[in-house]
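Read off the chains here:
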Amino acid sequence: MLNKKSLINRIWVGALIFIGMIGIIALNIFFPNYSHSSNNQLISGRAINSVILAVLILLSVVEMRRAFGKERIPDCFSWLIWLYGIGLASMYSLFGFIGIIFFTLVVFIAAIVTSLVKNRVDSLIYIGFMLVYPGLFMATMLYLNRSASTQIVSPESPLYPFLENDIWSFLGGDRVTNLLPLNGISLAFVFAVSSFTDVFAFFVGSLFGKHKLCPEISPKKTVEGSVGGVVGGVFGSAFVYFLFDYFKVFGEQFGLTFAGYGLSTAHIVVTYVIIGLFGSVTTQIGDLIASQVKRYCGIKDYSRILGEHGGIMDRFDGIMITSVLVAFVFMFIY
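What counts, and where the lines are drawn
Residues numbered from 1 in each chain as written. Predicted model: local features only at pLDDT ≥ 70, side-chain atom pairs only at ≥ 80, totals over all residues. Heavy atoms only, no water. Helix = DSSP H or I, 4+ residues; strand = E, 2+ residues; numbered from the N terminus. Expected span 1.5 Å × (residues − 1). Bend = angle between axes of the 7 residues up to and from the residue. Buried < 20%, exposed > 50% of the residue type's maximum accessible area, 1.4 Å probe, protein only. Phe/Tyr/Trp six-rings, centres within 6.5 Å; stacked < 30°, edge-to-face > 60°. Pairing = 2+ DSSP bridges. Core = buried A, V, L, I, M, F, W, Y, C linked by side-chain atoms within 4.5 Å. Contact = heavy atoms within 4.5 Å. Salt bridge = Lys/Arg side-chain N within 4 Å of Asp/Glu carboxyl O. Patch = residues over 30% accessible without salt bridge, like charges linked within 9 Å, V, L, I, M, F, W, Y side chains within 5 Å. Areas by Shrake-Rupley, 256 points an atom, 1.4 Å probe, with all protein chains shown as cover. Axes fitted to C-alpha atoms, helices over the stretch in contact; angles between N-to-C directions. Parallel < 35°, antiparallel > 145°, perpendicular 65-115°, else oblique. Left-handed = near helix turned anticlockwise from the far one by under 90°. Nonpolar A, V, L, I, M, F, W, Y, C, P; charged D, E, K, R; others polar.

## Re helix H5 (residues 124-146)
For an α-helix the count is 3.6 residues per turn, leaving residues at separations of three or four pointing the same way.
For step 1, the next point in the chain: Look at H5: 32 Å from first C-alpha to last across 23 residues, which is about the 33 Å you get at 1.5 Å a residue.
For step 2, the next point in the chain: Along its length, H5 reaches its greatest deviation from straightness, about 30°, at Leu-136.
For step 3, the next point in the chain: The buried fraction of H5 is high, at 19 of 23 residues.

## A look at the packing of aromatic side chains
For step 1, the next point in the chain: If you walk through the whole model with that rule in mind, you get 24 aromatic pairs.
For step 2, the next point in the chain: On the numbers, 6.2 Å between centres and 35° between planes, the contact of Phe-242 with Phe-247 is tilted.
For step 3, the next point in the chain: Phe-247 sits in the exposed class, given a relative accessible area of 57%.
For step 4, the next point in the chain: Between the aromatic rings of Phe-244 and Phe-250, the centroid separation amounts to 5.0 Å while the plane-to-plane angle is 55°, which identifies the pairing as tilted.
For step 5, the next point in the chain: On the basis of relative accessible area, Phe-244 is assigned to the buried category, the value being 2%.
For step 6, the next point in the chain: Residue Phe-250 is classed as partly exposed on the basis of its relative accessible area, which comes to 21%.

## Examining the pairing of strand S2 (residues 218-222)
For step 1, the next point in the chain: Across 2 bridges, strand S1 (residues 212-214) lies against S2 in antiparallel orientation. What sits directly across from Cys-214, in S2, is Ser-218.
For step 2, the next point in the chain: Linking S1 back to S2 in an antiparallel pair, the connection comprises 3 residues.

## Here we look at the nonpolar core
For step 1, the next point in the chain: Core analysis: the biggest nonpolar cluster contains 82 residues, and Ile-185, Phe-189, Phe-191, Leu-256, Phe-316 and Phe-330 have the highest contact counts within it.
For step 2, the next point in the chain: If you tally residues by element for this core, the top one is H5, at 13 residues.
For step 3, the next point in the chain: In contact with Phe-191, other than residues within four places in its own chain, are Met-21, Ile-24, Ile-25, Met-141, Phe-316 and Ile-319.

## A word on the pattern of salt bridges
For step 1, the next point in the chain: Throughout the structure, instances matching the rule amount to 8 salt bridges.
For step 2, the next point in the chain: Between Arg-120 and Asp-122 there is a salt bridge, with its nearest N and O atoms 3.0 Å apart.
For step 3, the next point in the chain: On the basis of relative accessibility, which here comes to 45%, the residue Asp-122 falls in the partly exposed class.

## Description of helix H10 (residues 312-330)
For step 1, the next point in the chain: The end-to-end C-alpha distance of H10 is 25 Å, a good match for the 27 Å that 19 residues give at a rise of 1.5 Å each.
For step 2, the next point in the chain: Of all the bends in H10, the greatest, near 35°, is centred on Gly-318.
For step 3, the next point in the chain: Most of H10 is tucked away, with 16 of its 19 residues classed as buried.

## Side note on a nonpolar patch on the surface
For step 1, the next point in the chain: Nonpolar side chains collect at one region of the surface, where Ile-8, Trp-12, Leu-16, Phe-18, Ile-19 and Ile-22 lie side by side and expose about 610 Å² of accessible area between them.
For step 2, the next point in the chain: When you line up the elements, Trp-12 lands in helix H1 (residues 4-30).
For step 3, the next point in the chain: Residue Trp-12 is classed as partly exposed on the basis of its relative accessible area of 45%.

## Notes on unusual backbone geometry
For step 1, the next point in the chain: Cis geometry marks the peptide bond from Tyr-133 to Pro-134; its omega dihedral reads 20°.
For step 2, the next point in the chain: By secondary structure assignment, the location of Pro-134 is in helix H5.
For step 3, the next point in the chain: Backbone geometry at Asn-119 places phi at a positive 60°, although glycine is not the residue there.
For step 4, the next point in the chain: Tracing the chain through its elements places Asn-119 in the loop between helix H4 (97-118) and H5.
For step 5, the next point in the chain: Here the phi dihedral of Lys-248 falls at roughly 50°; this positive angle occurs in a residue that is not glycine.
For step 6, the next point in the chain: Following the sequence through the fold, Lys-248 ends up in the loop between helix H8 (223-246) and helix H9 (265-297).

## Concerning the environment of Gly-307
For step 1, the next point in the chain: Tracing the chain through its elements places Gly-307 in the loop between H9 and H10.
For step 2, the next point in the chain: Of the residues examined, Gly-307 reaches a relative accessible area of 25% and is grouped as partly exposed.
For step 3, the next point in the chain: The spacing of Gly-307 and Val-13 is 294 residues in sequence and 7.5 Å in space, taken between C-alpha atoms.

## Section: the packing of helix H2 (residues 45-68) against H5
For step 1, the next point in the chain: The contact between H2 and H5 brings their axes to 10 Å, and the two run at 165°. Viewed along their axes, H2 and H5 adopt a mutual orientation that is roughly antiparallel. H2 and H5 meet at a crossing whose hand is right-handed. Across the interface between the two elements, Arg-46, Asn-49, Ser-50, Leu-53, Leu-56, Ile-57, Ser-60, Val-61, Met-64, Arg-65 and Phe-68 of H2 pack against Tyr-126, Phe-129, Met-130, Tyr-133, Pro-134, Gly-135, Met-138, Ala-139, Met-141, Leu-142, Asn-145 and Arg-146 of H5.
For step 2, the next point in the chain: Looking at the contact of H2 with H5, its residues break down into 15 nonpolar, 5 polar and 3 charged.

## What about the packing of H4 against H5?
For step 1, the next point in the chain: Look at H4 against H5: their axes get within 11 Å of each other, and the N-to-C directions meet at 165°. As far as their axial angle goes, H5 and H4 are roughly antiparallel. Regarding H4 and H5, the two cross each other, and that crossing is right-handed. Residues Phe-97, Ile-100, Ile-101, Thr-104, Val-107, Phe-108, Ala-111, Ile-112 and Ser-115 of H4 lie in contact with H5, whose contacting residues are Leu-124, Ile-127, Gly-128, Leu-131, Leu-136, Ala-139, Thr-140, Leu-142 and Tyr-143.
For step 2, the next point in the chain: Across the contact of H4 with H5, the residue classes break down as 14 nonpolar, 4 polar and no charged.

Okay, here's the thing in structure tokens:
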């Protein structure tokens, strides 16, 4: 049980994390660099966010290596881990998500060669796991932060004035110039659904929890709390709807109901329902995966960088899995 000082620290650190999430969304919405703008700035909100996310990816990879320990991943692999954590965002800015896939494969091949030279083939299973989780999972937030279009947008399209033209477009050339203002709502989905799920699951589980969900993995989680989390996920999705599409607080181009996307009412409803319901499920699955890894490694937290909240992996365990779901859904939007 947390003492008063620890509880206060947990509350204010949690508040700072929440403000940070809002800040990431706000940067995309209030600091864009649309192609029709008369200024020539190369830095936009999503460019700044890419740097922030790159740091989070690096920290999460380092934390996972720390969890496994040097007996499972010895120092001979350290350079690969840092290369992967630092290079992931750069590969995405240059070549898109396909760049991340190939970069991951190249790093794993380098790990295979290193393992053969150092006679540590047993470490490959841990390195392979780490490259996918948290590596590729966290990298999906880079995809959402850029919200690249899969179609060519003509000058006659209602979307054309809202294409962004910043440093990522400059680096990537024609591969990534067609970018839509969906990054704000996509990240809002991830953060809102995950946060509402966690809050509802905690309070419902604390008040009404009687039946254990997975006692061998996480003894405190209950079936009642899990159901409450699903309800919370729906509320989180509804919150995004009212903010972006009903009241259009940030402008119509940031919501799914914007005419330029050509989405039917059914398509929009299905998107919100799928992300609300299944986003809650993926959030809870991510939490259980992180707990299982910690139990396997014999640790309480991945690090203490966030004080009582643990490490980056402890706070983004559900978020990173939910971001995969949201990214998959958004692939079909435009």
